[in-house]
Amino acid sequence: MHTPICDRVGIEFPIFAFSHCRDVVAAVTNAGGFGVLGATGHTPGTLDIDLTWIDEQTRGKPYGVDLLLPASYAETSGEPRLPTGHQAFVEELLARYRVPGLPADVPAATGSISVSARDAESLLDVAFGHPIRLVASALGPPPADLVARAHEAGVVVAALVGTAEHARRQQAAGADLIVAQGTEAGGHTGTISTMVLVPEVIRAVHPAPVLAAGGIVTGAQVAAAMALGAQGVWCGSVWLTTEEAETHPSVQQKMLVASSADTVRSRSLTGKPARMLRSAWTEEWEGEKAPATLPMPLQTMLTAGAQQRINRHAATEGSGAQQLATYFVGQGVGLLDRVRPARVVVEQMVADYVAVAERFAAQLSEGAQLSEGAQLSEGQHSE
Ligand SMILES: Cc1cc2nc3c(=O)[nH]c(=O)nc-3n(C[C@H](O)[C@H](O)[C@H](O)COP(=O)(O)O)c2cc1C
C-alpha cells in the first residue's frame, strides 16, 4: 500500500480522512493514515483550540487542514440582509413540518463560514502556527500567496477537483497533490464518476500525485482506486458513522439505513451543488414554490438556524423534523451500516486491501500454472 505520497507526508497508509471533527482527524492520523481538519466552519480562535488539541493527541504525527476557497462567492460584511421572501419560505416550511423554535437560552446558529480570501488568510495564520503537513483547498485554485507560504514551510498544497480541466488549472496554480473527487462524493461535487475521473486526472497532471475520492468506503475500493493509478484515497463520508464523529444522532441513524440511491446533489444548504441525504428538505427546495437558492455563503446563513432547529427536534413527538433532517454524505452511504471507531475503519480498509491484493496475486499464479499446464499438454499432444 506504500506509495510515494506516504513518504512525502510521513504516513504508513495512503488513507486521507477529511473531517470537521478533530477526534476523527487525530484517530486516523494515529492509526497510520492522514487526518485533514475541515476548517471552513472555524473562527481563528476555535481553529487554534482544535489544532492545539490535535497536536497533543498526535504528538508529531502528520495531519493537515482544509479550506473552502470558492472561485465565486457573495462578498459579505457585518450581518448581511437575507431576502425576506427566502426567510418566509424557510419559516413556512418549518411551521408546516411542526418544527418548534429554539429554547430562549440557546443561541441560533449564524451559519457564517470562512470562504473569502480575507477569512482564509486569518485561518491560515493560525494553521501555519501549528506543525501542519498539508493544506487543501476546494472549489477554486489556491491563491499564489497561500502556495508560496505553504512551500516555504514545506507544507504540501492539495486541491480537490471534479474535472481534468480543473486539475490542470490547480496544477498551474501550484498545487502539489490533486484529489480527483467523483460525483459520488459527499459535499460539493461535480458530475463525473470517480471511475472515469481518476484516470483522466492522472493523465492530465502526470507526473503529479493524485488521490481518488468519491464513494470510497471499503478496502476493496481503495484497491480499485490504486489499480486506476491513484497514490491513495481521500475519504469523507465513511467517517460520519464512526464513534468519534459529531454527526447528529438523527442524521447518523438515517445514514445507517440509507441506500446509495438516497442521496441527491442539491444547492439547498450552501447555494452550490453538494451531495447530501435526500429528505423532505431537499424535496421542498426542488418544489415549484421554492425560491432560487442564494449564492454562497448567503444560503448557509439562511438555512443554518433552520438546520439547527430540525436536528434539535428530530426526536420531538408530533414534529416532522426527522423527515426534513439531512446532511452532506456521498453515495457510499449505502455501504455504511455500522458505527465503528475510526481506527477500526482504517484497519479494515488496510486488511481488505491486502485481501484483494492477495486474491489477485493468487489468480495470477493460478492462471500462470494453468497456461503452463495447457502448454505442457499441448506439447504432449503434438509429440
Ligand atoms: C460532511 C462533509 C463535508 C464536506 N465538506 C468539505 C469541505 O468543507 N471542504 C472540502 O474540501 N471538502 C469537503 N467535503 C468533501 C470531502 O473532502 C471529500 O472529498 C469527499 O467526502 C469524498 O467523497 P466521499 O464522501 O464519498 O468519501 C465534505 C464531505 C462531507 C461528507
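Data block above holds the structure.
Calculation notes
Throughout this description, residue numbers start from 1 for each chain and increase along the sequence as written. Owing to the predicted nature of the model, reporting of local features is limited to residues with pLDDT of at least 70; listing and counting of side-chain atom pairs is limited to 80 or more, with chain, interface and lining totals taken over all residues. Working from all heavy atoms in the structure, the side-chain values ignore hydrogens and water. Each helix is a run of H or I in the DSSP string that is no shorter than four residues. Each strand is a run of E no shorter than two, and both are numbered from the N terminus. Each salt bridge in this description consists of a side-chain nitrogen of Lys or Arg and a carboxyl oxygen of Asp or Glu lying within 4 Å of one another. Note on classification: 1.4 Å probe, protein chains only; a residue is buried when its accessible area is under 20% of the maximum for its type, exposed when over 50%, partly exposed between these limits. A pair of strands is treated as paired once DSSP finds two or more bridges between them. Axes here refer to lines fitted to C-alpha atoms; in helices the fit is confined to the stretch in contact. Angles between the N-to-C directions go from 0 to 180 degrees. Whether two residues touch is decided by their heavy atoms; if any such pair falls within 4.5 Å, the residues are in contact. A pair of sulfur atoms, both from cysteines and within 2.5 Å, is called a disulfide here. For classification, angles of less than 35 degrees are called roughly parallel, those exceeding 145 degrees roughly antiparallel, those between 65 and 115 degrees roughly perpendicular, and all remaining angles oblique. Note on convention: the crossing is left-handed when the near helix lies turned anticlockwise from the far helix by less than a right angle, right-handed when the turn is clockwise. Polarity classes work like this: nonpolar for Ala, Val, Leu, Ile, Met, Phe, Trp, Tyr, Cys and Pro, charged for Asp, Glu, Lys and Arg, and polar for all others, with Gly in that last group.

Details of unusual backbone geometry
And step 1. That bond from His206 to Pro207 is cis: its omega, 5 degrees, falls within 30 degrees of zero.
And step 2. Along the chain, the position of Pro207 falls in the loop between helix H8 (194-205) and strand E8 (210-213).
And step 3. Met296 connects to Pro297 through a cis peptide bond whose omega is 5 degrees.
And step 4. Note on placement: Pro297 falls in the loop between helix H11 (280-286) and helix H12 (298-312).
And step 5. Here the phi dihedral of Arg59 falls at roughly 45 degrees; this positive angle occurs in a residue that is not glycine.

Thoughts on the pattern of salt bridges
And step 1. Following the criterion strictly, the structure yields eleven salt bridges and no others.
And step 2. For Asp176, the salt bridge identified is with Arg8, shortest N-O distance 3.8 Å. Here Asp176, found in the loop between helix H7 (164-172) and strand E6 (177-181), pairs with Arg8, found in helix H1 (residues 4-9); they are 168 residues apart in sequence, far enough to count as distant.
And step 3. In this structure, the salt-bridge partner of Arg149 is Asp125, at a minimum N-O distance of 2.5 Å. Remark: Asp125 occurs in helix H5 (residues 117-127) and Arg149 occurs in helix H6 (residues 144-152); sequence separation between them is 24 residues.
And step 4. For Arg149, a relative accessible area of 27% translates into the label partly exposed.
And step 5. A cluster of three or more residues bridged by salt bridges with shared partners is formed by Glu92, Arg96 and Glu284.

What to know about the sheet that holds E8
And step 1. What the eight strands build is a closed barrel, ordered E1-E2-E3-E4-E5-E6-E8-E9; its pairing is parallel. Looking at each pair of strands side by side, their axes are set apart by 25 degrees on average, direction ignored.
And step 2. Summarising the sheet, strand E1 (residues 15-19) and strand E9 (residues 232-235) pair through three bridges and their orientation is parallel. Residue pairing in the sheet places Ala17 in a bridge with Cys235 of E9.
And step 3. Along the sheet, H7 contacts strand E4 (134-138), strand E5 (156-161) and E6; its crossing angle with E5, the most-contacted strand, is approximately 160 degrees.

Focus on the sheet that holds strand E11 (residues 274-277)
And step 1. Read across the sheet, three strands follow the order E7-E11-E10 without closing on themselves; strand pairing throughout is antiparallel. Every interior strand has two partners, whereas the edge strands, strand E7 (187-188) and strand E10 (263-266), have only one.
And step 2. The sheet contact formed by E10 and E11 spans four bridges and is antiparallel. In the strand pairing of E11, Val264 is matched with Met276.

Describing the state of the cysteines
And step 1. Applying the stated criterion to the full structure yields zero disulfides.
And step 2. Free cysteine: Cys6, not disulfide-bonded; nearest cysteine sulfur from Cys235 at 14 Å.

Quick look at the packing of helix H3 (residues 44-58) against H5
And step 1. One can describe the packing of H3 onto H5 by two numbers: an axis separation of 9 Å at closest approach and a directional angle of 25 degrees. With respect to H5, the axis of H3 lies roughly parallel. Of the two possible hands of crossing, H3 and H5 adopt the one that is right-handed. Counted together, Pro44, Leu47, Asp48 and Leu51 of H3 and Ser122, Leu123, Val126 and Ala127 of H5 form the full contact between these two elements.
And step 2. Its residues placed into classes, the contact of H3 with H5 shows six nonpolar, one polar and one charged.

Concerning the packing of helix H2 (residues 22-30) against H3
And step 1. Two elements in contact, H2 and H3, have axes separated by 10 Å at closest approach and are oriented at 25 degrees. Overall, the two elements H2 and H3 adopt an arrangement that is roughly parallel. Every pair of crossing elements has a handedness; the one defined by H2 and H3 is right-handed. Contacts between H2 and H3 involve Arg22, Asp23, Val25, Ala26, Thr29 and Asn30 on the former and, on the latter, Ile49, Asp50, Trp53, Ile54, Gln57 and Thr58.

Shape is all these values report; function is a separate question.
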